[in-house]
Amino acid sequence: VTPISPTAIIENFIIEEATERTYKREWNDYEDYALENNLNHTSAETANSYLKGKRKKCLPSTLNKKRNIIQRILRLATNNHSIKLNGYRRIKYKKKYSMTAPQMKEYLEEQRKGKKSVYMIQYLLSKFGCRINAIANLRVDHLDFMKGDKNVMILPCHKEGEYEVN
């Protein structure tokens, strides 16, 4: 069976032009690597070697994107859907540090001496534990202090919808 041209495969994908350019650029970089090192560009070993060389230059998310592009094209070009390239783990993050109540009070008092708008955002985040995008999207009409019996602030959040803070 004659392998299908990787460029023809990419052109047959139903994807945006920018994505197509990214696929072609990534495939060309990979193919150049294989040619420079006199390696078979249709083998998983060559692809894994290429990606291993990129580890120091790329974030894990970028490596996984490159891996997915090359793996998809290799599978279709060789008509071998069992090709599986090595995956790359994401970075492990440090445990979050939570301030104690006295530490938070001291921090907010220090911030209060600075720019009032920055202090207010930090105060709201610490007081209500809301997402930062909820504060960033806050508008005057979300403040309902003049209506009704209770003081209410409605915080917009694209993940959870709007929610009230009393």
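Everything below is about the structure shown above.
Residues numbered from 1 in each chain as written. Predicted model: local features only at pLDDT ≥ 70, side-chain atom pairs only at ≥ 80, totals over all residues. Heavy atoms only, no water.

A.B. asks: Lay out unusual backbone geometry with the relevant residues and their values.
C.D. replies: Negative phi is the rule for most residues except glycine; trans is the rule for most peptide bonds. The phi angle at Asn-38 is positive, at roughly 55°, despite the residue not being glycine. The residue Asn-38 is located in the loop between helix H2 (17-36) and helix H3 (44-53) in this model. We note that Asn-79 has phi near 55°; this positive angle belongs to a residue other than glycine. Among the secondary structure elements, Asn-79 is positioned in the loop between helix H4 (60-78) and helix H5 (101-112). (Helix = DSSP H or I, 4+ residues; strand = E, 2+ residues; numbered from the N terminus.)

A.B. asks: An account of the packing of H2 against H4 is requested, with residue identities and associated values reported.
C.D. replies: It is the contact of H2 with H4, at a shortest axis distance of 10 Å, that shows an interaxial angle of 85°. Relative to H4, H2 is oriented roughly perpendicular. Residues Thr-22, Tyr-23, Glu-26, Trp-27 and Tyr-30 of H2 pack against Lys-65, Lys-66, Ile-69, Ile-70, Arg-72, Ile-73 and Leu-74 of H4. A per-class count over the contact of H2 with H4 returns seven nonpolar, one polar and four charged. (Axes fitted to C-alpha atoms, helices over the stretch in contact; angles between N-to-C directions. Parallel < 35°, antiparallel > 145°, perpendicular 65-115°, else oblique. Contact = heavy atoms within 4.5 Å. Nonpolar A, V, L, I, M, F, W, Y, C, P; charged D, E, K, R; others polar.)

A.B. asks: Tell me about the side chain of Gln-71, residues and numbers included.
C.D. replies: Position of Gln-71 among the secondary structure elements: in helix H4. Taking the relative accessible area as the measure of exposure, Gln-71 reaches 9% and is therefore buried. Ignoring any residue separated from it by four or fewer positions in sequence, one finds Gln-71 in contact with Ile-83, Lys-84 and Leu-85. (Buried < 20%, exposed > 50% of the residue type's maximum accessible area, 1.4 Å probe, protein only.)

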